[in-house]
Amino acid sequence: MKQNKALSMIGIATKAGKIVTGEFSTEKAVKEGKAYLVIVAEDASDNTKKKFQNMCDYYQTSICFFADKTGLGNACGKEFRASLAVVDDGLANAVKKQIDLLDNLEV
């Protein structure tokens, strides 16, 4: 599975206390300007994807659609998560870099 490096980076960020998970916490981090990267599961509902896309566009926060709910949840030690936010700039860049590498491999 090629997603392992990106999911590992999410796990590292979680252990460092730099991840907020769940819809409410993610939304709060974006609105407070604390989120550097929002990750929404690819199998999240269309409504959830649209909500976070619009919110991140408005607050000028990076967003990507990656993995599935179970994969994101496992990466941060939970059962499943549809959304999470990275609240550290350096870790956000590292996670985004890994996801971008995956996107380039798939093309």
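Note: the structure precedes this text.
Residues numbered from 1 in each chain as written. Predicted model: local features only at pLDDT ≥ 70, side-chain atom pairs only at ≥ 80, totals over all residues. Heavy atoms only, no water.

Draft legend 1. Highlighting the pairing of strand 3 (residues 62–65). Where strand 2 (residues 37–40) meets strand 3, four bridges bridge the pair, whose relative direction is parallel. Of the residues in strand 3, the one forming a bridge with isoleucine 39 is cysteine 64. On the question of chirality, the crossover connecting strand 2 to the parallel strand 3 by way of helix 3 (residues 46–59) is right-handed. (Pairing = 2+ DSSP bridges. Helix = DSSP H or I, 4+ residues; strand = E, 2+ residues; numbered from the N terminus. Right-handed = clockwise from strand over helix to strand, strands pointing away.)

Draft legend 2. Focus on the sheet that holds strand 2. What the four strands build is an open sheet, ordered 1-4-2-3; its pairing is mixed. The two strands at the open ends of the sheet, each matched to only one other strand, are strand 1 (19–21) and strand 3. Pairwise comparison of adjacent strand axes, ignoring direction, gives a mean angle of 20° for this sheet. When strand 2 meets strand 4 (residues 83–86), the two strands line up antiparallel, connected through four bridges. By the bridge assignment for strand 4, valine 40 is matched with serine 83. Packing against the sheet, helix 2 (residues 23–31) makes contact with strand 1, strand 2 and strand 4, and its axis sits at approximately 130° to strand 1. Set on the sheet, helix 3 makes contact with strand 2, strand 3 and strand 4; between it and strand 3 the angle comes to about 160°. (Axes fitted to C-alpha atoms, helices over the stretch in contact; angles between N-to-C directions. Contact = heavy atoms within 4.5 Å.)

Draft legend 3. Inspection of the pattern of salt bridges at higher detail. Enumeration according to the criterion identifies six salt bridges in this entry. Of the charged contacts in the structure, one is a salt bridge between lysine 51 and glutamate 23, with a shortest N-O distance of 2.7 Å. Placement of the pair is lysine 51 in helix 3 and glutamate 23 in helix 2, with a sequence separation of 28 residues. Between lysine 31 and glutamate 27 there is a salt bridge, with its nearest N and O atoms 2.8 Å apart. (Salt bridge = Lys/Arg side-chain N within 4 Å of Asp/Glu carboxyl O.)

Draft legend 4. Region of the structure containing helix 3. Taking 1.5 Å per residue as the helical rise, helix 3 with its 14 residues ought to reach 20 Å, and the 20 Å between its terminal C-alpha atoms agrees with that figure. Taken together, the buried residues of helix 3 touch helix 2, strand 2, strand 3 and strand 4. Looking one or two residues past helix 3, glutamine 60 carries a phi angle of roughly 55°, positive in sign. (Expected span 1.5 Å × (residues − 1).)

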